[in-house]
Amino acid sequence: MTKVALRPYALLPRQYDERKVLASTVDAWGRALWLMCANARFQPQPYGWRSVEPPELPFDALLVIRDGDLVHERTLYGVATVPKQIDALSRDEFVLYGFGRGGRNPQEGQLFGRRGRSRRRFSLGSGLLHMVADGRANLWTGYNDEGIYGDPVSAGALIRWDTGGNRLHGFYPQEPYRIVVEIDGLNVTDSVVRATYGPGSPLAELRAGEPIRFRKLPVADTWGLAVRDDRLLLLGGFEPGTAHTHLRQVHHCRLTDDGAVITGRGELTWPNGDPVRRYTRPVGRGPHLYVRNRPSMRQWYRVSVP
């Protein structure tokens, strides 16, 4: 089995080493975003994890943006949730997803305008796994089974929102791929959104003004996908009939008219060759998957379709 090494992509500059990061992503323009709070503290979570929370709500957050070698700061004023996810709706407008003190907040989403001022709070639903914006100011959110079957906002499984926080449409496929239990992997570009979901492990392609296209995949329970022309990279998952593999499993595939054929297999490693044992859900954008180590938000890595 070949080694597929992650490559360093973006590192939080050293001058912010004393700050605790609340949320981070790589946006549609390839910029790395880190949202921080000066007085944040660690809170214990189940299974030994720790989360970072601000001392009080609302609070003013520092947003550090790295665009190649350029680094600049923004302030988001009046953050009213404990942020878990962030993305950019434009180069100067941002959206947060988070929770209130002690659990769920009925208005999990918060939009910030060009001057960093909060301009709307709204409900993004529960069970959110993915929150990815494209370069045309569309926001896409994907959910797990608890959200899809337990919250009317999340029932659309894969939902598109506009810059005002208005829900535009959900994802309601027809037979034979009608049932959606969870959005496993998501890849977003300006022209097409691709998602893998269970059961059945199809690959759905959504293009504006066109019917949804489905392909049957030979790999189930994928965590991430990247596409370049007719080449597909699947991260995580397993082939039916085999034992469940570690999340570091990589499948190289070639897309066909109605499916995909595996052309190679690999194992994801860190740049030094050590196996990748855990990571957060990757951010998929076209031919690239952006990955970070679960305990740390400071370093982003990238793996791409060859």
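Look a little higher up for the structure.
Report follows, based on the coordinates. Everything numeric in this text was worked out from a predicted model, so none of it was measured. (Residues numbered from 1 in each chain as written. Predicted model: local features only at pLDDT ≥ 70, side-chain atom pairs only at ≥ 80, totals over all residues. Heavy atoms only, no water.)

### Digging into the environment of arginine 66
Right, so step 1: Examined against the element boundaries, arginine 66 turns out to sit in strand 7 (residues 59–67).
Right, so step 2: For arginine 66, a relative accessible area of 22% puts it in the partly exposed group.
Right, so step 3: Separated by 26 residues in sequence, arginine 66 and alanine 40 place their C-alpha atoms 21 Å apart.
Right, so step 4: A polar contact of 3.2 Å, which involves the side chain of arginine 66, links it to the backbone oxygen of glycine 68. (Helix = DSSP H or I, 4+ residues; strand = E, 2+ residues; numbered from the N terminus. Buried < 20%, exposed > 50% of the residue type's maximum accessible area, 1.4 Å probe, protein only. Polar contact = N/O pair within 3.5 Å; in protein donor to acceptor, adjacent residues only side chain to side chain.)

### Details of the pairing of strand 13 (residues 128–133)
Right, so step 1: Of all the six residues making up strand 13, six are buried; the element is thus mostly covered by neighbouring parts of the structure.
Right, so step 2: The antiparallel pairing of strand 13 with strand 14 (residues 139–143) creates a hairpin that spans five residues between the two strands, and alanine 137 there sits at a positive phi of about 70°. (Pairing = 2+ DSSP bridges.)

### Description of the pattern of salt bridges
Right, so step 1: The final tally for this structure, using the stated rule, is 13 salt bridges.
Right, so step 2: Notably, a salt bridge pairs glutamate 267 with lysine 3, separated by 2.7 Å at the nearest N-O pair. Taken together, the residues glutamate 267 in strand 24 (residues 260–269) and lysine 3 in strand 1 (residues 2–5) connect sequence positions 264 residues apart.
Right, so step 3: Of the residues examined, glutamate 267 reaches a relative accessible area of 18% and is grouped as buried.
Right, so step 4: Lysine 3 sits in the exposed class, given a relative accessible area of 57%.
Right, so step 5: Close ionic contact of arginine 285 with aspartate 87 constitutes a salt bridge, the shortest N to O distance being 3.1 Å. Separated by 198 residues along the polypeptide, arginine 285 in strand 25 (residues 283–285) and aspartate 87 in strand 9 (residues 82–88) bring together distant segments of the chain. You'll find arginine 285 and aspartate 87 in the same group, each marked buried. (Salt bridge = Lys/Arg side-chain N within 4 Å of Asp/Glu carboxyl O.)

Geometry only, nothing functional implied.
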